[in-house]
Amino acid sequence: MDFVKEFDNAVKNGHIVAYFQPLTRAITGSVCSAEALARWIDPDLGIIPPSEFISILEEKRLIYKLDLAVIEYVCKFYNENKNMNLNFSINLSRIDFEEVDIFSLIEDILKKYNVPSNVIHLEVTEGTMIHNTKKTRYIIDQFHNAGFEVWIDDFGSGFSSLQ
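Residues numbered from 1 in each chain as written. Predicted model: local features only at pLDDT ≥ 70, side-chain atom pairs only at ≥ 80, totals over all residues. Heavy atoms only, no water.

**Quick look at the pattern of salt bridges**
- Enumeration over the complete set of coordinates arrives at 6 salt bridges.
- Its salt-bridge partner being K112, residue E72 comes within 2.9 Å of it at the nearest N-O pair. With E72 in helix α3 (residues 63-80) and K112 in helix α5 (residues 102-113), the pair connects residues that are 40 residues apart, well separated along the chain.
- Two residues, R94 and E98, come together in a salt bridge whose shortest N-O distance is 2.8 Å. Placement of the pair is R94 and E98 together in helix α4 (residues 94-99), with a separation of 4 residues, close to one helical turn.
- Through salt bridges that share partners, R61, R94, E98 and E99 make up one connected network. (Salt bridge = Lys/Arg side-chain N within 4 Å of Asp/Glu carboxyl O. Helix = DSSP H or I, 4+ residues; strand = E, 2+ residues; numbered from the N terminus.)

**As for the packing of helix α1 (residues 3-12) against helix α2 (residues 50-59)**
- It is at 10 Å that the axes of α1 and α2 come closest, and there the two elements cross at 100 degrees. For the element pair α1 / α2, the angle class is roughly perpendicular. Contacts from F3, V4 and F7 of α1 reach α2 at E52, F53, I56 and L57.
- Counted by class, the contact of α1 with α2 contains 6 nonpolar, no polar and 1 charged residues. (Axes fitted to C-alpha atoms, helices over the stretch in contact; angles between N-to-C directions. Parallel < 35°, antiparallel > 145°, perpendicular 65-115°, else oblique. Contact = heavy atoms within 4.5 Å. Nonpolar A, V, L, I, M, F, W, Y, C, P; charged D, E, K, R; others polar.)

**Some points on the nonpolar core**
- Residues I106 and F143 are the most contacted members of the largest nonpolar core, which totals 46 residues.
- Ranked by the residues each element gives to this core, the list is headed by α3, at 10 residues. (Core = buried A, V, L, I, M, F, W, Y, C linked by side-chain atoms within 4.5 Å. Buried < 20%, exposed > 50% of the residue type's maximum accessible area, 1.4 Å probe, protein only.)

**A look at the pairing of strand β1 (residues 16-24)**
- The sheet contact formed by β1 and strand β2 (residues 31-42) spans 9 bridges and is antiparallel. Each bridged residue has a counterpart across the sheet, and for A18 the counterpart in β2 is A38. (Pairing = 2+ DSSP bridges.)

**Digging into unusual backbone geometry**
- With phi around 60 degrees, R61 is a residue other than glycine that occupies positive phi space.
- Here R61 lies in the loop between α2 and α3.
- Judged by relative accessible area, which is 30%, R61 ranks as partly exposed.

**Observations regarding α5**
- Over its 12 residues, α5 extends 17 Å from the first C-alpha to the last, a length consistent with the 16 Å expected when each residue adds 1.5 Å.
- Among the residues of α5, those classed as buried are I102, F103, I106, E107, I109, L110 and Y113. Buried residues of α5, viewed axially, fall in a sector of 160 degrees; they line one side. Turned more than 90 degrees away from the buried face of α5 sit K111 and K112, all of them exposed. (Expected span 1.5 Å × (residues − 1). Arc of directions from axis to C-beta.)

**Details of the packing of aromatic side chains**
- For the structure shown, the criterion picks out 10 aromatic pairs.
- When the ring of F3 is compared with that of W40, the centres are 5.4 Å apart and the planes differ by 70 degrees; the resulting orientation is edge-to-face. Separated by 37 residues along the polypeptide, F3 in helix α1 and W40 in strand β2 bring together distant segments of the chain.
- Judged by its relative accessible area of 10%, F3 falls in the buried class.
- Residue classification places W40 among the buried residues on the basis of a relative accessible area of 1%.
- Seen from their ring centres, F103 and F143 are 5.2 Å apart, and the 75 degrees between their planes marks the pair as edge-to-face. You can see F103 sitting in helix α5 and its partner F143 sitting in helix α7 (residues 133-145), a full 40 residues away along the chain.
- In this structure F143 comes out as buried when scored by relative accessible area, which is 1%.
- Through successive ring pairs, a cluster of aromatic residues spans F3, F7, W40 and F53. (Phe/Tyr/Trp six-rings, centres within 6.5 Å; stacked < 30°, edge-to-face > 60°.)

**Structural notes on the confidence of the model for the chain**
- Here the chain averages 89 in pLDDT, while 89% of its residues score no lower than 70.
- Element-level pLDDT for the chain is lowest in helix α6 (residues 126-130), with a mean of 66, against a maximum mean of 97 in α5. (pLDDT = per-residue confidence, 0-100.)

Right, dumping it as C-alpha cells:
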C-alpha cells in the first residue's frame, strides 16, 4: 500500500482511529487517563501496524496530519462520553512543530468540539526539545498558557536525566 497516497482518504473515511491505552492510579487501580494511540484500520487489509506507516509519514513530513486526526478523534470521543471524566494524552511529533502552526490547529479542533484544553495532555519526545529549541519553547509556552499540560515522553532515552 502507498501510505502517503492513501492517507488523506483514510482520514476522510474514518479509517484513522485512536485506541485508548488506560493509565491507572497505582494506589487505587482506577483509570484516570488514557493515552490515544493512532491506528489505521483499512477495510481490505484490516489493522495496519503503526510501525508500517508512522515512520513513512514522518519521513514525508506528513505526520502532523496523523496527530491532528488523532486529536480530532479524541475530541469527538470526549463529546460522546463527557461523563467519563478522563484526560487524554496525545503524542506530537517533532515535525509537527516545524511544518505547521500546531498550536493554532489544535486550538481550532478543541474549539470546534468545545473541549477544554485541560482534558488534553500533549506528549513530546525529549528530541523535540533539542531541535530548534527557541521555536519549540515558544510553542510549548503557548500550549501551557492555554491550559494544556505538556509532558516529555521517553524521558531519559536520549541525553536527559534527573542526575
